[in-house]
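# Analysis of the macromolecular model
Residues per chain, in single letters:
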Amino acid sequence: MDIAQFGCFDTGGFGDLLMPLIARARLADHRLTALAPAGGTSLRWQDAGASVASERALDDGFRCDACLIGGGDVIRIGAADEPAYGTDDPMRHVALPSLWLGAGLAAERAGARLIWNAPGVAGSAWTAELQRLVAALLAASDYVAVRDRSSLQRLRDCTDATVPVSLVPDPILDIARLWPRASLTQRFRALFVRRGQPVPARSVVVHIDDRAGIAAPALSERVMQVAAAARGVPILLAGDTDRNAGALARAVSAVLPVPHLLLDRPAALRDVAACLAASDGYVGSDRNGFLAAFAYGNPGVLIAGAATPWAADLTDQYRLPDRLCGDWADVAERLASAAGDEAPRIAALEVVQEALDAHWAAIEGVLAAPADASRQALRTDFARAVAADNAASRGWIARLAGIADRSAAGTRTAPSVSLLETNLLALRGLPEHVGRRGDRLALHPPPRGITEAALDPIPLRGGDLLRGGATVAHPDGRPVRFGLMLVGHDGRMLGRADVVADATGVTPWQIRIPRGVDGSGSLLIATSMASAEDHNRFAWAELVDPRLHPQAFAVWIQAGGGAKTWDGVSQDTPGTPAKAESSPSSNDQDSSRIAR
């Protein structure tokens, strides 16, 4: 069978990139395609597989027999905090929902089975509207499993007990089956030999990232205490969450007075696995590192404070409550205790392995059974629910809304130019300050926040140039960044623009409509302060296509007081395509500005 697996397989995270490799090993008799929001091939990890952009699952020619959600921490709503998805790009708002709500729509379109491969469910508050959509998605799924108790409870809050949801171990615990310890021995030795260092008889992995909350000299002292407790050479491993790309690990290495191995830029996933498999202990605040070391039967200590409640949930789930440590002060003592008490760890691993076998057997059972027609009908109901919910279909799932609209034909009427309230995005727009007047779209970004809105429908014709402007209405307003994304009626992204506007005038933007497009679409507008230190009471986005609405545009350009010229930006005859060519996916913008 052909299986489409959805996850964050394009972010470079160790745990995320293991998920397709583990799934391929467990489902070896099937063909698996990994899908991620941006897609592509990792430039960092030489043994990571490639992924395809998740929006490809909505292409007319895309076919699959099953959609597999996860694993990884993917059941989330809101802007994705991942460099791969941009910083001020509207794509950030749809990247994560495309991996699970989008997977549901893709399964409905393809007539495919829908399976949850033990993803994590984020702890952010969900509105009643979103809970109803999640309940519809759960009912439409052939098998639902999550990786922890808090995720299980969040899904149960959305539905009743008639929808079974299984609690299973995190799939990353299959790493020891994917790459057995013996298969990594030579790779572990090579890490030391290449650096001209002797291969140690014992070692301990110290996972260092920007959550350490301690300066390099003090952390160096803690590393030496851990090494003494493990009676091994420390391996300094830079964490996935280290925004400084290993800077803290390198700083600790520079002042650490004992022999050690610095692995700040590992070239292969197997290099990290080799260290975790060969070590005599693990210390760090990384969930995936802790679980991978546990999978190889090695003692570990997870460092997490009160601000990370998932850590206590995790250690309790695997019957290792004494492996949780609040800070670095007691780590060495806790590791020594864990190393001397092997029986609970071995017993817990046996339970984990049996549960994972049962989990993958359940997935194989779904794949082997005849397709359930009643389940497909529920997937159609889910698509109708998405299409009927205007806030959902034009917001965080905007690129997928056209598919829902087509799948549930007749259930949604085309709206006029409208604003989108963004509570489903967990963004706090203030409705009393959001309004529209004619073809002027007013946005209010709250302090340090983001507001998203939509213009739809917009008539589109291939080769035309969609044009408009952005400005800050109040003369004392601080600069605002506008991210614009043009979406076709089929949910596909057609082009993007990104401009920074201020109160001195109107900043033009333009997006080239790709040739071959004929129909209607939507324009998503996401705003944020250009500087995180600023905030405004009001910010108006004045957005209009002068070719399609010449009269409204004339009113619009007079709104600021007096006549204005666009310096060639709006000189085309209305309805006539511009002659200049540009890439539809690039920021095709004019640098001229209109002074007030």
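Here we summarise the structure given alongside this text. On a predicted model such as this, the values are computed, not experimentally measured, just so you know.

All told, the structure shown has 15 salt bridges when counted by the stated rule. A salt bridge links Arg-265 to Asp-264, with the shortest nitrogen-to-oxygen separation between them at 3.5 Å. Taking the relative accessible area as the measure of exposure, Arg-265 reaches 61% and is therefore exposed. What you see here is one network of salt bridges that share partners, running through Arg-26, Asp-174, Arg-177 and Asp-357.

Attention shifts here to the nonpolar core. Ile-175, Trp-179 and Phe-294 are the most contacted members of the largest nonpolar core, which has 64 residues in total. No other element matches helix H14 (residues 342-368), which puts eight residues into this core. Those residues in contact with Ile-175 that lie beyond four places of it in its chain are Phe-14, Leu-18, Ile-22, Ala-273, Ala-292, Ala-295 and Tyr-296. By size, the runner-up hydrophobic cluster in this structure holds 45 residues, among which are Leu-35, Ile-77, Trp-116 and Ala-140.

Tracing the sequence through the fold places His-207 in strand E10 (residues 203-208). Classification of His-207 by relative accessible area gives buried; the value is 6%.

What follows covers helix H3 (residues 101-110). Judged by how many residues are buried, H3 sits mostly within the fold: eight of 10 residues are covered. Among the residues of H3, those classed as buried are Leu-101, Gly-102, Ala-103, Gly-104, Leu-105, Ala-106, Ala-107 and Glu-108.

Further remarks concern the pairing of strand E6 (residues 113-116). Of the two faces of E6, the one carrying Arg-113 and Ile-115 and the one carrying Leu-114 and Trp-116 are both buried. Examined bridge by bridge, strand E4 (residues 66-69) and E6 share four bridges and lie parallel to one another. Within the sheet, the bridge partner assigned to Ala-66 lies in E6 and is Arg-113.

Here the focus is unusual backbone geometry. Residue Gly-71 is bonded to the preceding Gly-70 through a cis peptide linkage, with omega at 5°. Among the structural elements, Gly-71 can be located in the loop between E4 and strand E5 (72-75). In the Ramachandran plot, Arg-231 falls in the positive-phi region, its phi being about 55° despite a non-glycine side chain. Counting through the fold element by element, Arg-231 comes out in the loop between helix H8 (216-230) and strand E11 (233-238). Judged by relative accessible area, which is 61%, Arg-231 ranks as exposed.

Okay, the environment of Ile-235 next. With respect to the helices and strands, Ile-235 occurs in strand E11. Its relative accessible area of 0% is what places Ile-235 among the buried residues. Through-space distance from the C-alpha of Ile-235 to that of His-207 is 8.2 Å; in sequence the pair is 28 residues apart. Apart from the residues within four sequence positions on either side, Ile-235 is in contact with Phe-188, Phe-192, Ser-203, Val-204, Val-205, Val-206, Leu-261 and Cys-275.

Throughout the structure, instances matching the rule amount to three aromatic pairs. Consider the rings of Phe-14 and Trp-45, whose centres lie 6.4 Å apart with planes at 50°: the pair is tilted. With Phe-14 in helix H1 (residues 14-26) and Trp-45 in the loop between strand E2 (31-36) and strand E3 (52-53), the pair connects residues that are 31 residues apart, well separated along the chain. Neither Phe-14 nor Trp-45 differs from the other in exposure class; each is buried.

The rules behind each value
Residues numbered from 1 in each chain as written. Predicted model: local features only at pLDDT ≥ 70, side-chain atom pairs only at ≥ 80, totals over all residues. Heavy atoms only, no water. Salt bridge = Lys/Arg side-chain N within 4 Å of Asp/Glu carboxyl O. Buried < 20%, exposed > 50% of the residue type's maximum accessible area, 1.4 Å probe, protein only. Core = buried A, V, L, I, M, F, W, Y, C linked by side-chain atoms within 4.5 Å. Helix = DSSP H or I, 4+ residues; strand = E, 2+ residues; numbered from the N terminus. Contact = heavy atoms within 4.5 Å. Pairing = 2+ DSSP bridges. Phe/Tyr/Trp six-rings, centres within 6.5 Å; stacked < 30°, edge-to-face > 60°.

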